[in-house]
Amino acid sequence: FNAGHIFEPKEKSGLAQITSEMMNKSTLKTTKEELESRMDRLGASIGVASSEEEFYLFIDSPKENLVAAMKIAEEILLEPKFDEKEFEVVKKSAMDRIMQSQTSPASIASEVLHKLAYGSDHISAYPSIGTKETLASITLQDVKKFYEGLNSSMLSIAVSGDISQEEAIKDLAFVSKLKKGEPLK
C-alpha cells in the first residue's frame, strides 16, 4: 500500500509503524499465539510492516502451503482485532525503542540530517518510529482510522517464486475484498 510514514500527519509520526505492529497481533478470530503456531506448522512467515513510503503485507511460504498461508494473510489483512491491551504493549515497546535510539549517535545524527534536509515542518524530518511526543499522542482510535483508510487504490502487488500468474491471481483473490477509495496524498 502507498501508505507509509510520509503519509502520516507529522504530529502522529509513528502511526504507520504502530498500525503495522498492531496488525501482527490478534485478529478477530485468532490470538497472536495461535497465528504464530499456524505459521510455524506451515513453515511460513506472514506479517505486516511499514516503511518510509509503504505499508505492506508480506508472505513467505513453501509452495505446498501457499493456499493455507494466504488464508492467514487474508485474516491478518481484513480482520485485525486492535485490542486495547495489545495496543498498550505495542506503544510501550515503541517508546522503549525511541528512548534507546536517543542514546545512539547514528540515530541522533540521522534525525538532525533529516531535519536539515527536509525542514522541521515536513514529515520526513521526523523518525518513522515517531518521537516521544508524537507517540504519546497516538491513540487506538488513530490506529483504527489509519487502517480504515487503507483501500484498493493504494495497493501494489509483487509476487516472486515458483508460482504462475494464474495461481497468484487465484491465491490473492482476497484482496478484492478491500474497499475502494482514493489514494493518500
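Scroll up to find the structure this text is about.
So, here is what we can say about the structure in this document. Within every chain, residues take consecutive numbers counted from 1 along the sequence as written. Given that this is a predicted model, residues contribute local features only at a pLDDT of at least 70 and side-chain atom pairs are listed and counted only at 80 or more, while totals for whole chains, interfaces and linings are drawn from all residues. Hydrogens and waters are ignored; side-chain quantities use all the structure's heavy atoms.

Brief notes about the nonpolar core
- Among buried residues, the Ala, Val, Leu, Ile, Met, Phe, Trp, Tyr and Cys ones that are joined through side-chain atoms within 4.5 Å form a nonpolar core. Burial classification: accessible surface area is computed with a 1.4 Å probe over protein chains only, and a residue below 20% of its type maximum counts as buried, one above 50% as exposed, and the rest as partly exposed. Phe1, Ile18, Met22, Ile46, Phe55, Val143 and Leu150 are the most contacted members of the largest nonpolar core, which has 38 residues in total.
- Where helices and strands are cited, they refer to DSSP runs of H or I of at least four residues and of E of at least two residues respectively, numbered from the N terminus. If you list the elements that add at least two residues to this core, you get helix H1 (15-23), helix H2 (32-42), strand S1 (45-50), helix H3 (66-78), helix H4 (84-101) and helix H7 (140-148).
- Looking at which element gives the most residues to this core, the answer is H3, with seven residues.
- Contacts are assigned to residue pairs that have any heavy atoms within 4.5 Å of one another. Apart from residues no more than four positions distant in its own chain, methionine 22 is found in contact with Phe82, Asp83, Glu86, Phe87, Val90, Leu140 and Val143.

What about the side chain of glutamate 21?
- Along the chain, glutamate 21 turns up in helix H1.
- Glutamate 21 has contacts with Val90 and Arg97, leaving out every residue within four places of it along the chain.

As for the packing of H2 against H3
- As a packed pair, H2 and H3 sit with axes 10 Å apart at the nearest point and diverge in direction by 155°. With respect to H3, the axis of H2 lies roughly antiparallel. Handedness of the H2/H3 crossing: left-handed. On H3, the residues touching Leu35, Arg38, Met39 and Leu42 of H2 are Ala68, Ala69, Ile72, Glu75 and Ile76.
- Class assignment for the residues of the contact of H2 with H3 results in seven nonpolar, no polar and two charged. Axes here mean lines fitted to C-alpha atoms, for a helix over just the part in contact, with angles spanning 0 to 180 degrees between N-to-C directions. For this classification, under 35 degrees means roughly parallel, over 145 means roughly antiparallel, 65 to 115 means roughly perpendicular, and everything else is oblique. Crossings are assigned a handedness: left-handed for a near helix turned anticlockwise from the far helix by less than a right angle, right-handed for a clockwise turn. Side-chain classes are defined by residue name, with Ala, Val, Leu, Ile, Met, Phe, Trp, Tyr, Cys and Pro counting as nonpolar, Asp, Glu, Lys and Arg as charged, and the others, Gly among them, as polar.

What to know about the packing of aromatic side chains
- What counts as a ring pair is set by centres within 6.5 Å for rings of Phe, Tyr and Trp (its six-membered ring), and what kind of pair is set by the plane angle: stacked under 30 degrees, edge-to-face over 60, tilted for all other angles. The tally for this structure, following the rule as stated, stands at two aromatic pairs.
- Measuring from centroid to centroid gives 5.3 Å for phenylalanine 82 and tyrosine 147, while their planes differ by 65°, and the two rings are edge-to-face. One end of the pair, phenylalanine 82, is in the loop between H3 and H4; the other, tyrosine 147, is in helix H7, with 65 residues separating them in the sequence.
- For tyrosine 147, a relative accessible area of 17% translates into the label buried.

A few points about the pairing of S1
- Counting buried positions along S1 yields five of six residues, so the element is predominantly enclosed.
- Whether two strands pair comes down to DSSP finding at least two bridges between them. Counting the residues that bridge the hairpin from S1 to strand S2 (residues 55-60) gives four residues.

Topic: the pairing of S2
- Pairing geometry for S1 and S2, over six bridges, is antiparallel. Residue pairing in the sheet places alanine 49 in a bridge with tyrosine 56 of S2.

Comments concerning a nonpolar patch on the surface
- Taken together, the side chains of Ile108, Val112 and Leu116 present a nonpolar region at the surface, about 300 Å² in accessible area.
- Along the chain, the position of isoleucine 108 falls in helix H5 (residues 105-118).
- Accessibility expressed as a relative area gives 42% for isoleucine 108, which makes it partly exposed. Here the term patch refers to residues with relative accessible area over 30% and no salt bridge, with like charges joined within 9 Å and nonpolar side chains (Val, Leu, Ile, Met, Phe, Trp, Tyr) within 5 Å. Computed with a 1.4 Å probe, the accessible areas rest on the Shrake-Rupley method; for each residue, only the protein chains presented here act as cover. Salt bridges are counted wherever a side-chain nitrogen of Lys or Arg sits within 4 Å of a carboxyl oxygen of Asp or Glu.

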